[in-house]
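Structural characterization, general
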Amino acid sequence: MVKVNENYLKLKAGYLFPEIGRRVNAFSEANPKADLIRLGIGDVTEPLPPACCKAMQAAVEEMSTQNGFHGYGPEQGYFWLRETIAKNDFQKRGCGIDPDEIFISDGSKCDSSNILDILGEGNRIAVTDPVYPVYVDSNVMAGHTGLAGSNGRYAGLSYIALNAANGFQAEIPNDPVDLIYLCFPNNPTGAVATKQHLSDWVEYAKKHDALILFDAAYEAFIQDPLLPHSIFEIDGAKDCAIEFRSFSKNAGFTGTRCALTVIPKSLKGIGLNGEEVDLWSLWNRRQCTKFNGVSYIVQRGAQAIYSLEGRSQVNSLVSFYMENAEIIRNQLAKVGFEVYGGKNAPYVWIKAPENIDSWEFFDFLLQQANVVGTPGSGFGASGEGFFRLSAFNSRENVEEAMRRITRI
Ligand SMILES: *Cc1c(COP(=O)(O)O)cnc(C)c1O
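What counts and how
- Residues numbered from 1 in each chain as written.
- Predicted model: local features only at pLDDT ≥ 70, side-chain atom pairs only at ≥ 80, totals over all residues.
- Heavy atoms only, no water.
- Domains from an automatic or database assignment.
- Contact = heavy atoms within 4.5 Å.
- Buried area = accessible area lost by both parts, 1.4 Å probe.
- Salt bridge = Lys/Arg side-chain N within 4 Å of Asp/Glu carboxyl O.
- Helix = DSSP H or I, 4+ residues; strand = E, 2+ residues; numbered from the N terminus.
- Buried < 20%, exposed > 50% of the residue type's maximum accessible area, 1.4 Å probe, protein only.
- Pairing = 2+ DSSP bridges.
- Near = heavy atom within 4 Å.
- Polar contact = N/O pair within 3.5 Å; in protein donor to acceptor, adjacent residues only side chain to side chain.
- Areas by Shrake-Rupley, 256 points an atom, 1.4 Å probe, with all protein chains shown as cover.
- Nonpolar A, V, L, I, M, F, W, Y, C, P; charged D, E, K, R; others polar.
- Expected span 1.5 Å × (residues − 1).
- Arc of directions from axis to C-beta.
- Axes fitted to C-alpha atoms, helices over the stretch in contact; angles between N-to-C directions.
- Patch = residues over 30% accessible without salt bridge, like charges linked within 9 Å, V, L, I, M, F, W, Y side chains within 5 Å.
- Left-handed = near helix turned anticlockwise from the far one by under 90°.

1. Structural notes on the domain arrangement of the protein chain
In terms of domains, the protein chain is made up of domain 1 (6–47 + 309–407) and domain 2 (53–307). Counting residues at the interface gives 34 residues for domain 1 and 48 residues for domain 2. When the two sides are added together, the surface that domain 1 and domain 2 hide from each other amounts to roughly 3,300 Å², 61% of it contributed by carbon and sulfur. When the area that domain 1 buries against domain 2 is broken down by residue, the three leading residues are Lys10, Asn344 and Phe379, summing to 20%.

Right, here's the structure in full:
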């Protein structure tokens, strides 16, 4: 019989979102008339920017003509899109990123886990706690961990606690690690990283020859003009960081699929023979072998995000969600909740009332307010006692959810 990847058997069975689904379904069956509001899963709700739709419609038309047809595109993405991104997202902010350091993909969930393909065994790996579960689970699948303990933490990984006491900042570890996952603005806590904080990380990474995997999926939600949008705004980051970005959250591409990964050509890893190898070449080789690019139509849609029209439409989408976040923050603070995040990120991170754990609070809100959120403990042991509410919903639903929660 065919042998399976044993590492998959180490994954925890009660994965967060299926467990939420199970509890919500049980509640709905028992209370078929309940009108549930879902502020749980981090999917967007508003339609695509019209500029993107128009560009994709034009691309479909082109594809129906002899001259406009496109077959396989470059595995790295079309140059016109990579050039537009390099100019607008990086060069305009003073980051010296070239178009050919940008790889277009179908998602940063995939890229942030596929990146392990080009990294070896035996790296010391650090993640934050709470954390976007993909970073941890992809390492479990790749065999980089032992088993999970009773608190859900895997043997072999280093966890950096994000909590109210440290302002949800990822403190620089005392021990050297080789690989660090950072996500700012943060999912799930909504916390941000200042330039100083990222500079400290870059300094640490350079000192220990470590690689930072920086997930900037929420950079578009940054409101404070002093905060960095890219790790490449920090001097020296091109020697120690890879950045993941996505059009999922800013432009509503969660179902359309387009993202990008920046791998500077100056980045190096080391082979078993002690020789330096450049990571760009390995990733390029990986993509050419295992990936056949994002569809021409979708890449045209992504390009339109950077048009005059597209930019203003994306800004409106972001503002809309950030107004939701502010409503959530204000309403909950008014009735005495400790609230974090929601100022530069579409997530509000709430402290559950004293002596109530994350899942108890989940059940309480589900039953008393018919509102679905996400228990903080699902993102890691340090998330226990916290709860995530997402600003991705209609104004009507957000206001109604806040009316119900503040009433109880
Ligand atoms: C939503 C999200 C992404 C985006 O993933 P896609 O695959 O591009 O849709 C990446 N990182 C984090 C932390 C996210 O929450």
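More follows now that the structure is in view.
2. What to know about the pattern of salt bridges
This structure, assessed with the given rule, holds 20 salt bridges. Salt-bridge contacts for arginine 23 lead to glutamate 19; the nearest nitrogen and oxygen are separated by 2.8 Å. On the criterion of helical spacing, the pair formed by arginine 23 and glutamate 19 is a turn pair, its members being 4 residues apart in helix 1 (residues 16–30). Taking the relative accessible area as the measure of exposure, glutamate 19 reaches 17% and is therefore buried. Taking the shortest distance from any N to any O, the salt bridge between glutamate 243 and arginine 245 comes out at 2.8 Å. Of the two residues, glutamate 243 and arginine 245, neither departs from the other in class, the shared state being buried. Counted as one network, the salt bridges with shared partners bring together Glu19, Arg22, Arg23 and Asp363.

3. As for the sheet that holds strand 15 (residues 386–390)
If you trace the 4 strands from one edge of the open sheet to the other, you get 11-12-15-14, paired in antiparallel fashion. Looking at which strands have only one partner, the edges of the open sheet turn out to be strand 11 (339–341) and strand 14 (374–375).

4. Observations concerning the site of the ligand
Near the ligand lie 14 residues; those nearest to it are Asp215, Tyr218, Ser246, Ser248 and Lys249. Aspartate 215 is positioned such that a nitrogen or oxygen atom in its side chain is 2.7 Å from a nitrogen atom of the ligand. At 2.6 Å from an oxygen atom of the ligand is found a side-chain nitrogen or oxygen belonging to tyrosine 218. Relative to its unbound accessible area of 390 Å², the ligand is 93% covered by the protein chains. Across the shell around the ligand, the residue classes break down as 5 nonpolar, 5 polar and 4 charged.

5. Some thoughts on the pairing of strand 2 (residues 102–105)
The two faces of strand 2 match: Ile102 and Ile104 on one face and Phe103 and Ser105 on the other face are all buried. For strand 2 and strand 8 (residues 259–262), the ladder comprises 4 bridges, and the chain directions are antiparallel. Among the inter-strand pairings, isoleucine 102 is bridged to a residue of strand 8, identified as valine 262.

6. Quick word on helix 6 (residues 195–207)
For an α-helix the count is 3.6 residues per turn, leaving residues at separations of three or four pointing the same way. Over its 13 residues, helix 6 extends 18 Å from the first C-alpha to the last, a length consistent with the 18 Å expected when each residue adds 1.5 Å. The set of residues buried in helix 6 consists of His197, Leu198, Trp201, Val202, Tyr204 and Ala205. Along the long axis of helix 6, the arc covered by the buried residues comes to 160°, so they all point the same way. In helix 6, those exposed residues whose orientation departs by more than 90 degrees from the buried face are Gln196, Glu203 and Lys207. Where helix 6 is buried, its residues contact strand 4 (157–161), strand 5 (179–183) and strand 6 (211–215). Aspartate 209 sits one or two residues past helix 6 and shows a positive phi near 55°.

7. Focus: the sheet that holds strand 4
The strand order across the open sheet built from 7 strands is 2-8-7-6-5-3-4, with neighbouring strands paired in mixed fashion. Two strands close off the open sheet at either side, each with one partner strand: strand 2 and strand 4. Neighbour-to-neighbour, the strand axes of this sheet turn through a mean angle of 20°, independent of strand direction. In this structure, strand 3 (residues 125–129) lies alongside strand 5, joined through 2 bridges in parallel fashion. Bridge pairing links isoleucine 125 to leucine 179 in strand 5.

8. Looking at a nonpolar patch on the surface
A surface patch of nonpolar side chains, about 400 Å² in accessible area, is lined by Val4, Tyr8, Leu9 and Met141. Its location among the elements puts leucine 9 in the segment before helix 1. Accessibility expressed as a relative area gives 57% for leucine 9, which makes it exposed.

9. Some points on the packing of helix 2 (residues 50–63) against helix 8 (residues 296–303)
The contact between helix 2 and helix 8 brings their axes to 8 Å, and the two run at 145°. The way helix 2 lies across helix 8 gives a crossing that is right-handed. Counted together, Cys52, Ala55, Met56, Ala59, Val60, Glu62 and Met63 of helix 2 and Tyr296, Ile297, Val298, Arg300 and Gly301 of helix 8 form the full contact between these two elements. Counted by class, the contact of helix 2 with helix 8 contains 9 nonpolar, 1 polar and 2 charged residues.

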